[in-house]
Amino acid sequence: MYRKVRDVTVFKAYLEQFQKDFSLFLSLRSEEIIQGGRVVFTFISRSTDDPRSNDCCLIWELLAKSLLDLAAKVSLFSFKLSKLLALLVMEIN
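If you're wondering where the values come from, they're calculated on a predicted model, not measured in any experiment. Within each chain, residue numbers correspond to sequence positions counted from 1 in written order. Reporting of local features is limited, given that this is a predicted model, to residues whose pLDDT is at least 70; pairs of side-chain atoms are given and counted only at 80 or more, and all residues count toward the totals for whole chains, interfaces and linings. The side-chain quantities take in all heavy atoms of the structure and omit both hydrogens and water.

Examining the overall build of the protein chain
Here's step 1: When helices and strands are tallied, the protein chain shows 2 helices and 0 strands.
Here's step 2: A simple rule labels every residue: compare its accessible area, found with a 1.4 Å probe on the protein chains alone, to the largest value its type can have, and call it buried under 20%, exposed over 50%, or partly exposed in between. Across the 93 residues in the protein chain, those meeting the buried criterion constitute 2%.
Here's step 3: Roughly 9,000 Å² of accessible area belongs to the protein chain as shown, and the carbon and sulfur atoms make up 64% of that amount. Counting from the N terminus, the helices are DSSP H or I runs at least four residues long and the strands are E runs at least two residues long. The protein chains shown are the only cover counted for residues, whose accessible areas, like all others here, come from Shrake-Rupley with a 1.4 Å probe.

Some details on the packing of aromatic side chains
Here's step 1: In this analysis, rings of Phe, Tyr and Trp, with Trp reduced to its six-membered ring, are considered paired at centre separations within 6.5 Å, and the interplanar angle assigns stacked below 30 degrees, edge-to-face beyond 60, and tilted for intermediate values. A full pass over the atoms with the stated rule returns 2 aromatic pairs.
Here's step 2: Ring geometry for Phe18 against Phe22: centres 5.4 Å apart, planes inclined by 10°, an arrangement best described as stacked. Pair noted here: Phe18 and Phe22 are both in helix 1 (residues 2–32), with a separation of 4 residues, about one helical turn.
Here's step 3: Using a relative accessible area of 44% as the deciding quantity, one classes Phe18 as partly exposed.

Looking at the pattern of salt bridges
Here's step 1: Here, a salt bridge means any side-chain nitrogen of Lys or Arg that lies within 4 Å of a carboxyl oxygen of Asp or Glu. Evaluated as defined, the whole model comprises 1 salt bridge.
Here's step 2: Across the pair Glu32 and Arg29 runs a salt bridge, and its minimum N-O distance is 2.9 Å. Taken together, the positions of Glu32 and Arg29, both in helix 1 and 3 residues apart, correspond to about one turn of that helix.
Here's step 3: Judged by its relative accessible area of 54%, Glu32 falls in the exposed class.

If you want it as structure tokens, here you go:
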């Protein structure tokens, strides 16, 4: 029972600190953004409400998926570029 109460207290302390830090972060970033500018934030989230869960710690899986997605886009771009260059060479000749 004591551990559960302590876990909740620790979780609330981290939450309050995060809220303060993030509010300060947003306030400072708002001073840096030009009028009409945009900011994009990416967050890793949990699929459960339990803050002790490790499901948010799959950062390597997220990184792997992101790199595979980037590689696919680069590959597609390279393929399109090579086809365009081939068409240009054929047009010149």
